[in-house]
Amino acid sequence: MANDNSEVVSTLILVRHGDRHDYAHLEWRDSMQVLGKGTYDPPLSVLGHQQAREVAAELAKEGDIDVILASPYLRTIQTAAPLADLLRLPL
């Protein structure tokens, strides 16, 4: 809580999930549909994992990150996990 002479400043950083496996591999998506399995929660592609590691390295340099929030989708958790690991923060 701030007193009358100071101001609390919070910064919100939004990161979109990395590249999706089903977008990178259309044949995988099609085979999942043939099997009757939807692709509503696909994992990250190899590129998506690389993107997640790169953004984590850049954000870790910023410091002052206290909380990491991610939606329950696999791709968002996989995107946030490298940063959480670097900063030793829970998701």
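Here the structure is shown first, and the text comes after it.
Just so you know, these numbers come straight off a predicted model, no measurement behind them.

Calculation criteria
- Residues numbered from 1 in each chain as written.
- Predicted model: local features only at pLDDT ≥ 70, side-chain atom pairs only at ≥ 80, totals over all residues.
- Heavy atoms only, no water.
- Helix = DSSP H or I, 4+ residues; strand = E, 2+ residues; numbered from the N terminus.
- Buried < 20%, exposed > 50% of the residue type's maximum accessible area, 1.4 Å probe, protein only.
- Contact = heavy atoms within 4.5 Å.
- Axes fitted to C-alpha atoms, helices over the stretch in contact; angles between N-to-C directions.
- Left-handed = near helix turned anticlockwise from the far one by under 90°.
- Nonpolar A, V, L, I, M, F, W, Y, C, P; charged D, E, K, R; others polar.
- Salt bridge = Lys/Arg side-chain N within 4 Å of Asp/Glu carboxyl O.
- Lys, Arg positive; Asp, Glu negative; His and termini not counted.

By the secondary structure assignment, Gln-51 is in helix H3 (residues 46–62). The exposure class of Gln-51 is partly exposed, given its relative accessible area of 32%. The spatial distance from the C-alpha of Gln-51 to the C-alpha of Asp-19 is 7.7 Å, given a sequence separation of 32 residues. Setting aside its immediate chain neighbours within four residues, Gln-51 contacts Gly-18 and Asp-19.

We now examine the packing of H3 against helix H4 (residues 74–87). Packed helix pairs are specified by the crossing angle of their axes together with the interaxial distance, meaning the distance between the axes. Where H3 meets H4, the axes come as close as 8 Å, and the angle between the chain directions of the two elements is 35°. Like other packed secondary-structure pairs, H3 and H4 cross with a definite hand, here right-handed. Of the residues in H4, those touching H3 at His-49, Ala-52, Arg-53, Ala-56, Ala-57, Leu-59 and Ala-60 are Gln-78, Thr-79, Pro-82, Leu-83, Leu-86 and Leu-87. Partitioned by chemical class, the residues of the contact of H3 with H4 number 9 nonpolar, 3 polar and 1 charged.

Turning our attention to the pattern of salt bridges. If you walk through the whole model with that rule in mind, you get 2 salt bridges. Of the charged contacts in the structure, one is a salt bridge between Glu-58 and Lys-61, with a shortest N-O distance of 3.1 Å. Of this pair, Glu-58 and Lys-61 both sit in helix H3, 3 residues apart, which is roughly one turn of the helix. Relative accessible area serves as the criterion here: at 45%, Glu-58 is assigned to the partly exposed category.

This part takes up the side chain of Arg-75. Mapped onto the fold, Arg-75 is located in helix H4. Buried charged residue Arg-75 carries no salt bridge. Nearest counter-charge: Asp-41, at 4.0 Å. Apart from residues no more than four positions distant in its own chain, Arg-75 is found in contact with His-17, Arg-20, Tyr-40, Asp-41, Pro-42 and Leu-44.

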